Amino acid sequence: MKNAVNDEVWSGSWVAERLGVALVGDDGLPALLGLALRRNPKRAHLLVSNVLGKHVPQSPSVVYDHGLRLGRRVRDLLGEEEAATAVVLGYAETATGLGHAVADGLGRTPYLHSTRRPVPGVAPAGGFEESHSHATSHLLLPEDPALLAGEGPLVLVDDEFSTGNTVLNTIRDLHERHPRRRYVVVALVDMRTPGDRTRLERFAGEIGARVDLVATASGTVRLPEGVLEKGRELVARCESAGSGSLPAGGAHAAGPHDVPSGGPGRANQPSRVDLHWPAGLPDGGRHGFTPAHRARLEAALPAMAARIGDALPAGARRVLVLGCEELMYAPLRLAHQLERATDAEVRFSTTTRSPVLAVDDPGYAIRTRLVFPAHDDPADGPGERYAYNVAGGGFDAVVAVVDSVADTPALHAPDGLLARLAAHAPHVLLAVVPSYVPHAPERPAMLPEPLRGPAFSSYAPEEVGWLLQDLSAVTLEAPTEEREEAIQRGGAHYAESLPVEYQPSERYQELFHAALEVSAARIAQAVGAVTETVIAERSPRPVLVSLARAGTPVGVLMRRWAQFRHGLDLPHYAVSIVRGRGIDANALRWLADRHDPRDVVFVDGWTGKGAITRELAGAVEEFEATEGISGFDPEIAVLADPGSCVRTYGTREDFLIPSACLNSTVSGLVSRTVLRADLVGPHDFHGAKFYRELAGADVSGIFLDAVSARFPEVADSVGEAVKELLAADRTPTWAGWRAVERISEEYGIHDVNLVKPGVGETTRVLLRRVPWKILARAGAGADLDHVRLLAGQRGVPVEEVGDLPYTCVGLIHPEYTRGATGADGRAVNL
């Protein structure tokens, strides 16, 4: 076999010509699907996906991208609010990885897949039958049974939607236990007949729920009369002509192109690769996979893939990463990361328990078949397992990825999988992922007390306690260009490194002090308004918890206002929240242990498009569901809400807050927070650095004192402003989010994360990221003096725009490559 997939010949033509089977529907169906035959009393043909990563080795980026795109379509269908409450359920074995990818595309969504592997000590939370499959019983084994008990949408993911029976069985079983209003069915291909569609619609009406369907392509399989009998006869003829045969009525197909177990000479001995898989991280979604798990995996993937890359033989041009039955997602993500990091052509597929006839013909989807005994002690007893289109694939190396339950003597036996692979590839590597066993996590008896100044930060010890760990001794800084390149290429998360601290020029420092002089009273007014609103509506003695680090100066000022106006000595802490990874759960646990969560008020500096607002809401919901601790109100109190994202704010004007002009030197000499798997364990606070060496440039105290000195002069106007605020309709309109989406499309960026609205966020872009251009509202005055100065230093154009809800918006370079600073793509030295 030269190629598993021949671009010039449809891999379903062999079956179509002999049985008269045809695919009718979208033009893209033949590219997605081929056809094969199997011994099955209910269905002779098999739809073989070219993009699933099961039977046909495929580029891992192609496999992963199909799932991501489906997930994003589901998110668009549901809307942000409903998507935030969804749960994704994938089907074993073929859709376990696809379902994971759909959950990734949805965003902060927990994931569970069904399994055919019972786990001692874990009681099933449900089960259902897959009527057309050779192995029917599916178990649902979530570590947390509440995962399936919510009221949000349930998203069911399978590789193909053929009759709808499996989905009906699933929904029927789960709906009886935990009724929902909405279900979404997701598949690569929707191949139902009109009758099947009508049946699903009728069923949805019977249970009183909405059932939507999202698929990459749709059509039907046209089957001539008597096709099942013709298929059986064709399979029998192929088997009798080939090397294998079946006992009558047997369940294990054999074909004329089973590849012999031996090869010329002695097979190479497989070698192991130690992945250093993070302790306690689930190997997949068999027992549930949360957004926090996803964040840990994302952080660890580059290093694990690098270990595989280092173990590959020099000069390997074509590499297969082979997963194991239900274990699809972890091998897929490892393959995807390896594909990015190596020049080799990387392909991904998995072994399977599904018996399929192999025919070495370009018009047939399954060209070769390796047969080996099951090696994971399956509940249904011993039997054959298969790897398709691997032999003859021209692979220089095969990386077999199994979980530890499947790392048994049968795997290493002379007729086992590794020996079969070694006979057809010159190099075989084995990577074992620890099988996750649900148990109550062990936690330290006590979390450490908060860090305080002067040992950590230049703030007075009573001003703020940092629920962080001190990483001052660790080198975390990377040049801005290197960080941007890594972040946009997906190789790193922004919280895994720190930007080199920008040291302002003398002129820029003069601008900061001038801005502070002009805006101090305005900020004092907003501080008073937001603090009084919190005391009136949230708690008479709030516990202020600022989101480090931009929220911390605001939290200190709110604490000072409460002392000035009410004689209150409010507790104030700073915690870490990371976009895409949530809030520090250990910090929440510490707070819940020492304070009433109902008194906790989260504080930030300003809203941009509301990303952190959404992040916090999802993180608190997940924390409360996981920990059984309730009472935290996820709504943030902010100094300024130009994005109209919250109800508790001091102002909705977009103006210059001087604490946005600088980095650590206006934030107690503390860095932004760090979350990296090798530095922050599951029971640690997130980290940050204290830049003691910058004490000579520190203006943190100057900023706080300048603002709080204006409290007496604004006290009366604050009282009037708060009366108006409390009587006003402050319902968030999310106007800023809509503006960001519009700008993202109008400027061809197509990624809202690269659009940073508001004076504060624009300043951050200029200080920390690689800016492309600045949009300024026509007529904006002194509030943008520092922005114009920084933009001039970095060679970034400032474009005046008439219809802009913010004073300005910073655009990050949308297709960043090293040196692509400014609109012309040329680097400008500061």
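Below is a short write-up of the structure.

### With respect to the overall build of the protein
Item 1. Tallying secondary structure elements over the protein gives 21 helices and 32 strands in all.
Item 2. Within the protein, contacts between residues at least 6 apart in sequence are counted, and of these 77% link residues at least 24 apart.
Item 3. For the protein, the accessible surface area stands at approximately 31,400 Å², while carbon and sulfur atoms represent 51% of it.

### Some words on the pairing of strand S16 (residues 397-403)
Item 1. For S16, the buried fraction is high: 7 of the 7 residues fall into the buried class.
Item 2. Residues of S16 alternate between two faces, with Ala-397, Val-399, Val-401 and Asp-403 on one and Val-398, Ala-400 and Val-402 on the opposite face, all of them buried.
Item 3. As paired strands, strand S12 (residues 318-324) and S16 are joined by 4 bridges and run parallel to one another. Considered in S16, the bridge of Leu-322 is made with Ala-400.

### Focus: the packing of helix H13 (residues 506-537) against helix H21 (residues 785-794)
Item 1. Where H13 contacts H21, the two axes come as close as 10 Å, and the packing angle between them is 165 degrees. Viewed along their axes, H13 and H21 adopt a mutual orientation that is roughly antiparallel. As for the relative orientation of H13 and H21, their crossing is left-handed in sense. Touching Arg-507, Tyr-508 and Leu-511 of H13 are Asp-785, His-786, Leu-789 and Leu-790, all from H21.
Item 2. When the residues that make up the contact of H13 with H21 are grouped by side-chain class, the tally is 4 nonpolar, 1 polar and 2 charged.

### Description of the pattern of salt bridges
Item 1. Using the criterion set out here, one finds 44 salt bridges in the structure.
Item 2. Between Asp-190 and Arg-192 there is a salt bridge whose closest N-O contact spans 2.9 Å. Summarising the burial analysis for this pair, Asp-190 and Arg-192 share the class buried.
Item 3. We note a salt bridge from Asp-360 to Arg-367, for which the minimum N-O separation is 2.9 Å.
Item 4. Judged by relative accessible area, which is 7%, Arg-367 ranks as buried.
Item 5. When salt bridges with common partners are traced through the structure, they connect Glu-82, Arg-182, Arg-210 and Asp-212 into a single cluster.

### So, the packing of aromatic side chains
Item 1. Summed over the entire model, instances satisfying the criterion amount to 12 aromatic pairs.
Item 2. Here the aromatic rings of Phe-564 and Phe-711 are separated by 5.7 Å at their centres, their planes lie at 40 degrees, and the arrangement is tilted. Separated by 147 residues along the polypeptide, Phe-564 in helix H14 (residues 551-566) and Phe-711 in helix H18 (residues 711-727) bring together distant segments of the chain.
Item 3. Classification of Phe-564 as partly exposed rests on a relative accessible area of 36%.
Item 4. Assessed through its relative accessible area of 2%, Phe-711 is described here as buried.
Item 5. Pairing Tyr-573 with Trp-590 gives two aromatic rings, centres 5.1 Å apart and planes at 70 degrees, and the pair type is edge-to-face. On the criterion of sequence distance, the pair formed by Tyr-573 in strand S23 (residues 572-578) and Trp-590 in helix H15 (residues 585-594) is long-range, its members being 17 residues apart. Assigned by exposure class, Tyr-573 and Trp-590 land together as buried.
Item 6. Grouping aromatic residues by their ring pairs yields a cluster made of Phe-456, Tyr-459, Trp-466 and Phe-690.
Item 7. Over the face of the ring belonging to Trp-734 we find Arg-614, whose NZ or CZ atom lies 4.1 Å from the ring centre.
Item 8. Its guanidinium or amino end placed over the ring of Trp-737, Arg-614 lies 4.3 Å from that ring's centre, counting from NZ or CZ.

About the thresholds
Residues numbered from 1 in each chain as written. Predicted model: local features only at pLDDT ≥ 70, side-chain atom pairs only at ≥ 80, totals over all residues. Heavy atoms only, no water. Helix = DSSP H or I, 4+ residues; strand = E, 2+ residues; numbered from the N terminus. Contact = heavy atoms within 4.5 Å. Areas by Shrake-Rupley, 256 points an atom, 1.4 Å probe, with all protein chains shown as cover. Buried < 20%, exposed > 50% of the residue type's maximum accessible area, 1.4 Å probe, protein only. Pairing = 2+ DSSP bridges. Axes fitted to C-alpha atoms, helices over the stretch in contact; angles between N-to-C directions. Parallel < 35°, antiparallel > 145°, perpendicular 65-115°, else oblique. Left-handed = near helix turned anticlockwise from the far one by under 90°. Nonpolar A, V, L, I, M, F, W, Y, C, P; charged D, E, K, R; others polar. Salt bridge = Lys/Arg side-chain N within 4 Å of Asp/Glu carboxyl O. Phe/Tyr/Trp six-rings, centres within 6.5 Å; stacked < 30°, edge-to-face > 60°. Lys NZ or Arg CZ within 6 Å of the ring centre and 35° of its normal.

Geometric values such as these leave the question of function open.
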